[in-house]
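# Chains, contacts and geometry: an overview
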Amino acid sequence: MSDEVEEAFGGSWDQDLAEALDSGGSDMEMERGLTQVQDDSPQHRAKTWKIALNVSGKGDSLASWDGILDLPEQTLIHNRTQQLIDQLNVSEEEKADMVSDVESVITFYCKSRNISFTSEPSWPHIIKPLLGLQLQRSDLYNCFYAVMNKYIPRDCVPNGRPFHLYRLLLQYHEPELCSFLDTKKITPDSYAINWLGSLFSSHCLPDVTQSLWDSYLQQADPFLIFFLMLIILVNAKESILSQEGDSKEDIIKMLEASPSLLEAEDIEDLFSLAQYYQSKTPLSLRKMNQNLFGSSLVALKEEDTDLSQALCLPVSVPEILQANQLQQDGVRFFVVDCRPAEQYNAGHLSTAFHLDSDLMLQNPSEFALSVKSLLEAQKQSLESGSIASGEHLCFMGSGREEEDMYMNMVLAHFLQKNKEYVSIAKGGFMALQQHLVDMNVEGLDSSYVHWIVSTSGSLSSLSSMDGDSLSSPSDGKGVKSLVNKMTFALKSKSVNVKEKMISFIENTSTPVDRHVSSSDRVGKPYRGVKPVFSIGDEEEYDTDEIDSSSMSDDDRKEIVNIQTWITKPDVKHHIPCNEVKETGHMFQSHLLITATHMYCLREIASRKGFAYIQSRQALSSVVKITSKKKHPELITFKFGSNNSAGVEISAVERYLIPNAGDATKVIKQQIMKVLDALETS
């Protein structure tokens with residue numbers, strides 16, 4: 001069996017790596033990030049890992065603990081700890097100290113988190129690489145806690161959500177391999193639960209694990225583990241597919257052992273390939289699953305967590321629009337609209353190809369011709385560099401489950417043909433309508449008008465949100481008329497929708513003005529003036545808003561290295577986000593919070609790893625932080641100052657922030673510190 005695994009890894013590393021490098025997937029910044037730690041001493045590695053885990057200089061978390069080892073499962077903890085230490089080549093005296101340290105770390109972790117230890121967790125495997133760093137007990141705990149919190153996903157259990165997500169990723173890139181494993185009823189958790197739960201430490205040799213963690217912690221991207229797992233399978237593909245006649249148990253055993261054949265010199269190639277595949281994956285994979293990692297306690301919606309029912313990888317409407325509009329490198333979508341002809345003709349995405357899914361049952365021969373035309377159109381659009389081009393197929397339905405039944409059959413057809421890069425637009429055309437309404441509903445900006453077009457001469461009807469057809473005579477104003485009709489259809493649904501459409505940033509609720517200080521006191525003015533800082537819902541009308549585009553060109557165009565800025569010692573918080581302009585355009589950005597300022601770095605698409613300093617704002621100038629009720633991740637910051645006439649708004653900035661609650665909390669805390677410092681000065 002081991003010979004088969006070795007053969008699987010022997011063949012395709014070089015070929016795949018060459019393709020990754022040729023594609024531009026490894027530039028100077030990437031290579032710097034993947035460089036192995038040159039000084040292999042435990043002291044140097046310990047220092048590097050503590051910095052990467054952000055625990056350098058952190059206090060002793062166990063100081064307040066009484067040290068009593070009295071959990072119901074204490075015997076199990078001790079035995080698992082003893083088994084771990086017995087694997088290490090250390091003296092008996094050192095073993096005794098290590099057993100005490102590890103047992104204390106696990107016990108305190110269980111007590112502080114109010115969880116039970118079972119025979120299943122891979123915690124000892126996570127601690128094992130840390131023991132090689134010769135850490136003090138307090139540092140051992142801090143590093144263990146940081147790895148668990150940041151890099152081990154929630155629900156990392158049999159049939160857990162991370163494994164359903166991983167299966168969708170495998171299906172997206174390797175549908176043939178995914179189909180083979182599905183046929184054998186081999187689920188990812190049956191072979192990869194310890195890969196994910198231990199970051200490969202359970203199966204890799206100690207020196208390989210250390211090299212792998214060196215690179216992984218430097219990248220500081222918890223989602224990268226899914227792509228590392230993907231490469232393990234991609235490189236074993238031929239061997240796996242050749243085991244058609246083998247038993248399920250034998251295949252699982254071979255798969256599970258695959259990482260054990262990695263050597264330290266393979267790690268750089270492994271990461272280069274993982275990042276190449278990551279660049280070929282929709283960003284929605286991580287954005288829709290941000291709460292898999294970290295300390296966020298945001299509740300997960302049931303429909304978002306049940307990935308086991310997903311037919312293929314879902315992609316958000318904003319990503320579909322932005323990916324092709326900006327002509328950026330990376331994922332680009334060829335959108336296939338699968339709604340019935342009358343709905344498509346009434347209004348559709350201007351770049352979408354129509355494939356009537358009803359034909360699959362009603363007229364199979366015509367459906368086959370349509371599929372052939374679709375693939376030819378995709379090929380021609382790629383060759384011509386059209387804005388509609390994309391090697392990634394994204395299927396769009398109406399967004400109504402009963403209407404999309406046939407579209408799901410079309411999706412299954414493409415997946416059965418082992419077509420790679422197949423995804424579905426989350427929420428369908430309804431989500432597209434709603435997104436356009438949310439982003440730009442009053443002044444129909446030209447950048448939005450071209451997104452929706454009609455092929456019907458009369459523009460006589462457009463499906464509303466609740467499925468009713470709204471009819472009106474054609475006014476002959478072409479596309480803009482159609483978009484107005486779409487807006488009217490959405491407005492007519494309910495008062496809430498109508499009010500929601502007043503403005504991109506406006507909301508139905510009135511703001512609650514409250515001054516913020518260390519005690520979060522309400523109503524107490526700062527230095528005798530009107531309260532200026534509040535966190536609440538956005539106002540319905542705001543006539544004095546000023547967009548941050550009024551900044552000077554010099555400020556806007558300063559170019560910096562993103563990683564250098566993120567790791568600056570004065571940066572207290574780093575928040576990945578999308579900057580949202582009033583036109584609805586979104587730009588991948590990073591908010592950096594220092595003791596006194598908030599910086600926005602906007603990524604430069606043509607220069608990987610670099611960004612413009614888009615804005616610098618003093619935290620003391622924050623007037624309000626507001627959010628939309630229906631879209632809490634869309635956060636608006638208003639900056640200004642007090643004068644005799646009241647509060648004067650000087651800038652408004654909007655960001656789409658995953659886990660926005662956590663982000664605004666840390667910003668609020670930093671602002672409170674600034675205000676308190678001003679109050680006492």
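Scroll up to find the structure this text is about.
Residues numbered from 1 in each chain as written. Predicted model: local features only at pLDDT ≥ 70, side-chain atom pairs only at ≥ 80, totals over all residues. Heavy atoms only, no water.

So, on to the packing of aromatic side chains. Applying the stated criterion across every chain yields a total of 22 aromatic pairs. Between Phe223 and Phe226, the aromatic rings sit 6.1 Å apart at their centres with planes inclined by 35°, giving tilted as the arrangement. According to the relative accessible area criterion, Phe223 is buried, its value standing at 3%. A relative accessible area of 1% means that Phe226 is categorised as buried. Consider the rings of Tyr276 and Tyr277, whose centres lie 5.7 Å apart with planes at 90°: the pair is edge-to-face. Residues Tyr276 and Tyr277 agree in their burial class; the two are buried. Through a chain of ring-to-ring contacts, three or more aromatic side chains come together here, namely Trp65, Phe108, Tyr109, Phe117, Trp123, Tyr141, Phe144 and Tyr145. Of note, Arg602 hangs over the ring of Phe587, and the distance from its end group to the ring centre comes to 3.9 Å. The ring centre of Phe610 lies 4.4 Å from the NZ or CZ of Arg607, which sits over that ring. (Phe/Tyr/Trp six-rings, centres within 6.5 Å; stacked < 30°, edge-to-face > 60°. Buried < 20%, exposed > 50% of the residue type's maximum accessible area, 1.4 Å probe, protein only. Lys NZ or Arg CZ within 6 Å of the ring centre and 35° of its normal.)

For the rest of this paragraph, the subject is the environment of Gly67. Along the polypeptide, Gly67 turns up in the loop between helix H4 (42-52) and helix H5 (74-86). C-alpha separation for the pair Gly67 and Thr107, spaced 40 residues apart in sequence, amounts to 8.9 Å. (Helix = DSSP H or I, 4+ residues; strand = E, 2+ residues; numbered from the N terminus.)

A turn of α-helix holds 3.6 residues, and therefore any two residues three or four places apart point the same way. Most of helix H13 (residues 224-234) sits out of view: 11 of its 11 residues are buried. All buried positions along H13 are accounted for by Leu224, Ile225, Phe226, Phe227, Leu228, Met229, Leu230, Ile231, Ile232, Leu233 and Val234.

Another aspect to go through is the environment of Lys673. Looking at the element boundaries, Lys673 is found in helix H30 (residues 660-680). On the accessibility criterion, Lys673 (55% relative accessible area) is exposed. In this structure the C-alpha to C-alpha distance between Lys673 and Ala595, which are 78 residues apart in sequence, comes to 8.3 Å.

Let us look at the packing of H4 against helix H12 (residues 206-219). Working note: a packed helix pair is described by the angle between its axes plus the distance between those axes. Relative orientation of the contacting elements H4 and H12 amounts to 35°, with a least axis distance of 10 Å. The crossing of H4 and H12 is left-handed. Across the interface between the two elements, Arg45, Trp49 and Ala52 from H4 touch Gln210, Trp213, Asp214 and Leu217 from H12. (Axes fitted to C-alpha atoms, helices over the stretch in contact; angles between N-to-C directions. Left-handed = near helix turned anticlockwise from the far one by under 90°. Contact = heavy atoms within 4.5 Å.)

The backbone phi angle of Asp155 is positive, close to 60°, even though this residue is not glycine. Tracing the backbone shows Asp155 in the loop between helix H8 (137-151) and helix H9 (161-173).

Contact pair helix H7 (residues 123-131) / H8: the axes reach a minimum separation of 10 Å and the direction vectors enclose 130°. In terms of orientation, H7 lies oblique with respect to H8. Handedness of the H7/H8 crossing: right-handed. Here H7 contributes Trp123, Ile126, Ile127, Leu130 and Leu131 to the contact with H8, which in turn contributes Leu140, Cys143, Phe144, Val147 and Met148. Taken together, the residues that form the contact of H7 with H8 break down as 10 nonpolar, no polar and no charged. (Parallel < 35°, antiparallel > 145°, perpendicular 65-115°, else oblique. Nonpolar A, V, L, I, M, F, W, Y, C, P; charged D, E, K, R; others polar.)

Let's shift gears to the pairing of strand S12 (residues 573-580). In terms of strand pairing, S12 meets strand S13 (residues 586-593) through eight bridges, oriented antiparallel. Note that in S13 the partner of His574 across the bridge is Leu592. Where S12 lies against strand S18 (residues 646-656), three bridges are found, and the strand directions are antiparallel. Bridge assignment links Asn578 to a residue of S18, and that residue is Leu656. (Pairing = 2+ DSSP bridges.)

Residues in a regular strand point their side chains to alternate faces of the sheet. Here strand S5 (residues 392-396) lies mainly inside the structure; five of its five residues are buried. Where strand S2 (residues 333-337) lies against S5, five bridges are found, and the strand directions are parallel. Residue pairing in the sheet places Asp337 in a bridge with Met396 of S5. A crossover connection joins S5 to the parallel strand S6 (residues 422-425) through helix H23 (residues 405-416); in handedness this β-α-β unit is right-handed. (Right-handed = clockwise from strand over helix to strand, strands pointing away.)

What follows concerns the nonpolar core. Core analysis: the largest hydrophobic core is formed by 109 residues, its most contacted members being Tyr191, Phe226 and Leu233. Broken down by element, this core gets its largest block of residues, 11 residues, from H13. With residues near it in sequence (within four places) discarded, Tyr191 still touches Tyr166, Leu170, Leu181, Ile186, Leu233, Ile252, Leu255 and Glu256. The next biggest cluster of nonpolar side chains, apart from the first, holds 22 residues, and it includes Phe639, Tyr655, Val666 and Val674. (Core = buried A, V, L, I, M, F, W, Y, C linked by side-chain atoms within 4.5 Å.)

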